Amino acid sequence: MSIVARTGAAGVTDAEIAEVVGNLALNILTDYFNIVADTDNEFPLVTPHQHA
């Protein structure tokens, strides 16, 4: 039984599965675009606290 069939058997609808797959693909393509375009991060650099 495939993962899609098992999720369907668990009560997840086809639309929900398609939404997850679509969002995953969009995030991957966005990451690739940001790597190719060499975009800067929009958040400040965080440094870890030093324990005494």
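The structure contained in this document is the topic of the report that follows. (Residues numbered from 1 in each chain as written. Predicted model: local features only at pLDDT ≥ 70, side-chain atom pairs only at ≥ 80, totals over all residues. Heavy atoms only, no water.)

## Regarding the overall build of the chain
Move 1: Regarding its fold elements, the chain presents 2 helices and 0 strands.
Move 2: Whereas a compact globule of 52 residues would reach a radius of gyration of roughly 10 Å, the chain reaches 19 Å, over 25% beyond that.
Move 3: Here the C-alpha coordinates of the chain stretch approximately 50 × 35 × 15 Å along the principal axes.
Move 4: Classification of the 52 residues of the chain by burial places 2% in the buried group.
Move 5: As presented, the chain carries roughly 5200 Å² of accessible surface, and 63% of it is formed by carbon and sulfur atoms. (Helix = DSSP H or I, 4+ residues; strand = E, 2+ residues; numbered from the N terminus. Rg over C-alpha atoms; globule rule 2.2 N^0.38 Å. Buried < 20%, exposed > 50% of the residue type's maximum accessible area, 1.4 Å probe, protein only. Areas by Shrake-Rupley, 256 points an atom, 1.4 Å probe, with all protein chains shown as cover.)

## Some thoughts on helix α2 (residues 14-37)
Move 1: Here α2 contains 24 residues, and its C-alpha end-to-end distance of 34 Å stays within 8% of the 34 Å for a straight helix at 1.5 Å per residue.
Move 2: Burial runs low along α2: only 1 of the 24 residues are buried.
Move 3: Following α2 by one or two positions, D38 has its phi on the positive side, about 50°. (Expected span 1.5 Å × (residues − 1).)

## Remarks on unusual backbone geometry
Move 1: Of note, D38 is a non-glycine position whose phi angle comes to about 50°, a positive value.
Move 2: Mapping D38 onto the fold places it in the segment after α2.
Move 3: In this structure D38 comes out as exposed when scored by relative accessible area, which is 63%.

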